[in-house]
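# Results of the structural survey
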Amino acid sequence: MENKIFDIHSHVLWGMDDGSQDLQTTVELCDMASESGTGTLFLTPHLMYWEASEKLYDKRERKFEGLSEILEEEGIPLKLEKGFEILCDDDIFDIKYFKPYTLCGSRYLLIEFDFFKPTYEDVNAWCDYLKSFGIVPVIAHPERYEFFLNDYSAIDKLSQKGNLFQINSGSAAGMFGEDVQDFAVRMINCGFADFFGSDAHDLRFRNTDISFCLENYPFGLNEAVMEKALFMNPQKIIQDEQIKVNRLGYFAEM
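Structure report, in brief. Just so you know, these numbers come straight off a predicted model, no measurement behind them.

## Re the overall build of the protein
Scanning the protein for helices and strands turns up 8 helices and 9 strands. Taken over C-alpha atoms, the radius of gyration comes to 17 Å for the protein, in line with the 18 Å a tight globule of 254 residues would show. Projecting the C-alpha coordinates of the protein onto the three principal axes gives extents of approximately 50 × 45 × 30 Å. Relative to its 254 residues, the protein shows a buried fraction of 55%. Summarising the internal contacts of the protein: among those between residues at least 6 apart in sequence, 77% fall at separations of at least 24. If you sum the accessible surface of the protein, you get close to 11300 Å²; carbon and sulfur atoms cover 48% of it. Distance between charge centroids for the protein: 6 Å, based on 23 positive and 45 negative side chains.

Okay, here's the thing in structure tokens:
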């Protein structure tokens, strides 16, 4: 894998959420990403309350432009892309316009849920609602949700309805425990890992060094799936092209 990695999920933009809290940390995280083989970093701060969405959007725009200038001045060769990580709950049904919050203005929207409360029926309803607006939901870190861990068939059903999945790079390296690791490895080997993201929040445990995670993956993971998730599919997001998936069987049965 000699290409530059695409990291579609990070909380590197300072002062936006529970991620980086200052500009110096942000610049160090960007430098770490570049030095470890990432060529494109999506800045995806949390959007948790829709009543604050316009102010959050404007804040992200200002900081994005400022960071882009700083990286150029510092000679850090990292391309930045915009996005948000949207927290989905029933409030989503009151929203009619999602384009400003998608990944680099494409049809693809990075979404998350509460880790413990939602059911398959909840998530399916939220995703169906988003798709009614032409949005393609990209479910962040599915390996960390309780309802997925308890019901593997939910992955199959959501996949069959056109939803995509982003795996945290640290998950298959065991950073979130054995159950999460086993689930993430299964998603990779079954062809259900459509994207990778660092989900970086800080310089220590959850940082932007995806290559370090990859070096600590179990032997024998499906290289073709990883190639698409790390390089090919993210480029289709940037170009706003359709992503065709190739599942290798039913997730619940493999």
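Past the structure itself, the notes keep going.
## A word on unusual backbone geometry
The phi torsion at Asp-199 lies on the positive side, around 55°, for a residue other than glycine. Inspection of the secondary structure puts Asp-199 in the loop between strand S9 (195-197) and helix H7 (210-215).

## Describing the sheet that holds strand S1 (residues 5-7)
Taken in spatial order, the 3 strands make up an open sheet running S1-S2-S4, and their pairing is parallel. Here the strands that pair on one side only, and so sit at the sheet edges, are S1 and strand S4 (79-82). Taking each pair of neighbouring strands and ignoring which way they run, the sheet shows an average axis angle of 20°. Note that S1 and strand S2 (residues 38-43) share 3 bridges and pair parallel. The partner of Phe-6 across the bridge, within S2, is Thr-40. Sitting on the sheet, helix H8 (residues 223-238) is in contact with S1, S2 and S4, with an inclination near 55° to S1.

## A word on empty space enclosed by the protein
According to the stated counting rule, one finds 1 cavity of 30 Å³ or more in the structure shown. What lines the largest cavity is simply Ser-169, Gly-170, Met-175, Phe-176, Ser-198, Phe-205, Arg-206, Asn-207, Asp-209, Ile-210 and Cys-213. Split by residue class, the lining of the largest cavity holds 5 nonpolar, 4 polar and 2 charged.

## What to know about the sheet that holds strand S6 (residues 108-112)
Taking strand neighbours across the sheet as the criterion, the 6 strands line up as S3-S5-S6-S7-S8-S9 in an open arrangement whose pairing is parallel. What marks the edges here is a single partner per strand, and that holds for strand S3 (46-47) and S9. Sheet topology note: the S6/strand S7 (residues 136-140) ladder contains 4 bridges and is parallel. From the neighbouring strand, Ile-111 faces S7, where its bridge partner is Ile-139. The strands touched by helix H3 (residues 120-131) are S6 and S7; relative to S7, the strand with the most contacts, the crossing angle is about 145°.

## Some remarks on the pattern of salt bridges
Pairing is possible between side chains that carry opposite charge, provided their charged atoms lie close to one another. Scanning all chains against the criterion turns up 10 salt bridges. Among the ionic pairs, Arg-247 bridges to Asp-194, the shortest N-O distance being 2.7 Å. Note that Arg-247 is positioned in the segment after H8 and Asp-194 in the loop between helix H6 (178-189) and S9, a separation of 53 residues in sequence. Each member of the pair, Arg-247 as well as Asp-194, carries the same accessibility label: buried. Each of Arg-60, Glu-61 and Lys-82 takes part in a single network of salt bridges with overlapping partners.

## Quick word on the nonpolar core
Counting 69 residues, the largest nonpolar core has Ile-139, Phe-148 and Tyr-217 as its most contacted members. It is H3 that contributes the most residues to this core, 6 residues altogether. Discounting chain neighbours no more than four positions away, the residues touching Phe-148 are Ile-139, Pro-142, Ala-154, Ile-155, Leu-158, Phe-165 and Phe-183. In this structure, Ile-8, Tyr-108, Leu-110 and Ile-243 belong to the second largest nonpolar core, which totals 12 residues.

## Thoughts on the packing of helix H1 (residues 23-35) against helix H2 (residues 53-74)
Angle between the axes and distance between the axes: these two values describe a pair of packed helices. Running from amino to carboxyl end, H1 crosses H2 at an angle of 60°, the nearest separation of the two axes being 11 Å. Overall, the two elements H1 and H2 adopt an arrangement that is oblique. In terms of crossing hand, the pair formed by H1 and H2 is right-handed. Facing H1, whose interface residues are Leu-23, Thr-26, Val-27 and Cys-30, H2 presents Leu-67, Ile-70 and Leu-71. Here the contact of H1 with H2 is built from residues that sort into 6 nonpolar, 1 polar and no charged.

The rules behind these values
- Residues numbered from 1 in each chain as written.
- Predicted model: local features only at pLDDT ≥ 70, side-chain atom pairs only at ≥ 80, totals over all residues.
- Heavy atoms only, no water.
- Helix = DSSP H or I, 4+ residues; strand = E, 2+ residues; numbered from the N terminus.
- Rg over C-alpha atoms; globule rule 2.2 N^0.38 Å.
- Buried < 20%, exposed > 50% of the residue type's maximum accessible area, 1.4 Å probe, protein only.
- Contact = heavy atoms within 4.5 Å.
- Areas by Shrake-Rupley, 256 points an atom, 1.4 Å probe, with all protein chains shown as cover.
- Lys, Arg positive; Asp, Glu negative; His and termini not counted.
- Charge placed at Lys NZ, Arg CZ, Asp CG, Glu CD.
- Pairing = 2+ DSSP bridges.
- Axes fitted to C-alpha atoms, helices over the stretch in contact; angles between N-to-C directions.
- 1 Å grid on protein atoms, 1.4 Å probe; cavity = no way out; pocket = protein on both sides within 12 Å on 5 of 7 lines; lining within 4 Å.
- Points joined across faces, edges and corners; volume = space filled by probe spheres on them.
- Nonpolar A, V, L, I, M, F, W, Y, C, P; charged D, E, K, R; others polar.
- Salt bridge = Lys/Arg side-chain N within 4 Å of Asp/Glu carboxyl O.
- Core = buried A, V, L, I, M, F, W, Y, C linked by side-chain atoms within 4.5 Å.
- Parallel < 35°, antiparallel > 145°, perpendicular 65-115°, else oblique.
- Left-handed = near helix turned anticlockwise from the far one by under 90°.

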